Amino acid sequence: MSDTPCPASAPDPAPAPELFTWEFATDPYPAYAWLREHAPVHRTTLPSGVEAWLVTRYADARQALADQRLSKNPAHHDEPTHAKGKTGIPGERKAELMTHLLNIDPPDHTRLRRLVSKAFTPRRVAAFAPRVQELTDRLIDGFAGRGEADLIHEFAFPLPIYAICDLLGVPPEDQDDFRDWAGMMIRHGGGPRGGVARSVKKMRGYLLELIHRKRGDLGDDLISGLIRASDHGEHLTENEAAAMAFILLFAGFETTVNLIGNGVYALLRNPEQREGLQSSLAAGETGLLETGVEELLRYDGPVEMATWRFAREPLAIGGQEIAAGDAVLVVLAAADRDPERFDGPDVLDLSRRDNQHLGYGHGIHYCLGAPLARLEGQTAIATLLTRLPDLRLAGDPADLRWRGGLIMRGLRTLPVAFDPRP
């Protein structure tokens, strides 16, 4: 027997974390760290029963988001019968609202995106800034005198709803209906059974009716712009117009609800960062606000996973072979905490530079409404911290609950307290 000591064997890695539990929803980041290290492209069964690959490293995520071998069209999904219709927005298939930007590839995607992109130019978003400020102040006026509020239901949720309704051209008298339908859509199982599908169907019916009404009275809004484009030979069908308006509403409000809610919560949990931002705002500076909102998007962003992709053909991601027809979910929340890309990724640093986060995606499906969401996020956070400087959590953070669902990440409620102000 040799007297040479044997090298110590490497310790076994910790067991794989359980995904998609309530504990995971509260803080998914430790699980994502494990996946990045041990199974960066990981096949799992989702709560819906659909099997998908989770991509968690930044470099792999960025590659996958831009890889056109990964289709957005559910027709490329090799799904079993029991999984039919479980890979998109609930109710959109039955409501015939599938032909929107999140479900199509070039050349149709290129054509439709070109039409809608005119509504989100920097000039048009800048012109909308006074309206966003007006909505922000009006909502804060509604609770400032009470000394307490639920920032999700009273502020983060209605602000982007009313803003996107204005952009779409929904008349003021109809906007509360939209607020009700949208509220049902973001509950993700927290409402009555079938409630989301019914809300989607009602929204489609309303949008078709609104398109008919606007044909005789075109304005400067987005739906009127879609109608004009269709009438000038762009061949936008009525269903495409309704689906486009629907996805702009859906994608244009929930991301901003979560940006404001998650962002304010992160600031309240990191008082030094929050106080630095307040001091910067009091001095009339905007630089820290701008980098700060980008950091909030990276640190605990509104979109946990990019919307569905399906392999058109066999391919490899991060050395893992993906079969044709497989579903792929790029985990933005995991990629944006990758230590290979970000120094101190689990630390909130509002002054962080070189912050090329993936919070709004990458490639041809980069979020069209990102300039508007940034405007709303910056306006909402700056106004809250300026008008309610002693804003604080009301209650134990352990009592907060995060909404279920796969794609988005957001709080159900955010109770706060502050000194009442007239």
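The structure this text deals with has already been given above.
Now for a look at the structure at hand. (Residues numbered from 1 in each chain as written. Predicted model: local features only at pLDDT ≥ 70, side-chain atom pairs only at ≥ 80, totals over all residues. Heavy atoms only, no water.)

## A short note on the layout of surface pockets
- Empty space within the second largest pocket amounts to approximately 330 Å³.
- T26, Y265, R269, D300 and W402 are the residues nearest the centre of the second largest pocket, which is lined by 16 residues in total.
- Of all the elements, helix 11 (residues 238-269) adds the most residues to the lining of the second largest pocket, at 3 residues. (1 Å grid on protein atoms, 1.4 Å probe; cavity = no way out; pocket = protein on both sides within 12 Å on 5 of 7 lines; lining within 4 Å. Points joined across faces, edges and corners; volume = space filled by probe spheres on them. Helix = DSSP H or I, 4+ residues; strand = E, 2+ residues; numbered from the N terminus.)

## Topic: the pattern of salt bridges
- All told, the structure shown has 22 salt bridges when counted by the stated rule.
- Here R298 makes a salt bridge to E295, at a shortest N to O gap of 2.9 Å. Note that R298 and E295 are positioned in helix 13 (residues 287-299) at a spacing of 3 residues, about one turn of the helix. Summarising the burial analysis for this pair, R298 and E295 share the class buried.
- Taking the shortest distance from any N to any O, the salt bridge between D390 and R392 comes out at 3.4 Å.
- You can call R392 partly exposed: its relative accessible area is 38%.
- Each of R43, E51 and D326 takes part in a single network of salt bridges with overlapping partners. (Salt bridge = Lys/Arg side-chain N within 4 Å of Asp/Glu carboxyl O. Buried < 20%, exposed > 50% of the residue type's maximum accessible area, 1.4 Å probe, protein only.)

## Observations regarding unusual backbone geometry
- Going from P106 to P107, the amide bond is cis rather than trans, its omega being 5°.
- Here P107 lies in the loop between strand 3 (70-71) and helix 4 (108-117).
- Notably, F20 is not glycine yet its phi reads approximately 70°, a positive angle.
- In this model, D354 sits at a positive phi of 50°, which is unusual for a non-glycine residue.

## Let's talk about the packing of aromatic side chains
- Under the criterion given, the structure shown has 11 aromatic pairs.
- When the centroid spacing of 6.3 Å and the interplanar angle of 85° are considered together, the rings of F143 and F155 count as edge-to-face. Here the residue F143 occupies a position in helix 5 (residues 122-143), and F155 occupies one in helix 6 (residues 151-156), the gap between them amounting to 12 residues. In terms of burial, F143 and F155 fall into one category: buried.
- Relative to W181, the ring of F178 lies with its centre 5.4 Å away and its plane at 55°, an arrangement referred to as tilted. Placement of both F178 and W181 in helix 8 (residues 175-185) is noted, with a separation of 3 residues, approximately one turn of the helix.
- Residue class for F178 comes out buried when judged on its relative accessible area of 0%.
- Members of the aromatic cluster, joined through ring pairs, are F20, F24 and Y32.
- Positioned above the aromatic ring of Y29, the side-chain terminus of R337 is 3.7 Å from the ring centre.
- Between the NZ or CZ atom of R409 and the centre of the ring of W402, over which it lies, the distance is 3.7 Å. (Phe/Tyr/Trp six-rings, centres within 6.5 Å; stacked < 30°, edge-to-face > 60°. Lys NZ or Arg CZ within 6 Å of the ring centre and 35° of its normal.)

## A look at empty space enclosed by the protein
- On inspection of all chains with the given rule, the structure shows 2 cavities of 30 Å³ or more.
- Roughly 60 Å³ of internal volume is contained in the largest cavity.
- Lining the largest cavity are Y29, L297, R298, G301, V303, E304, L332, A333, D336, G359 and R409.
- Counting only elements with at least two residues in the lining of the largest cavity, the list comes to helix 13 and helix 14 (332-335).
- For the lining of the largest cavity, the per-class residue count stands at 5 nonpolar, 2 polar and 4 charged. (Nonpolar A, V, L, I, M, F, W, Y, C, P; charged D, E, K, R; others polar.)

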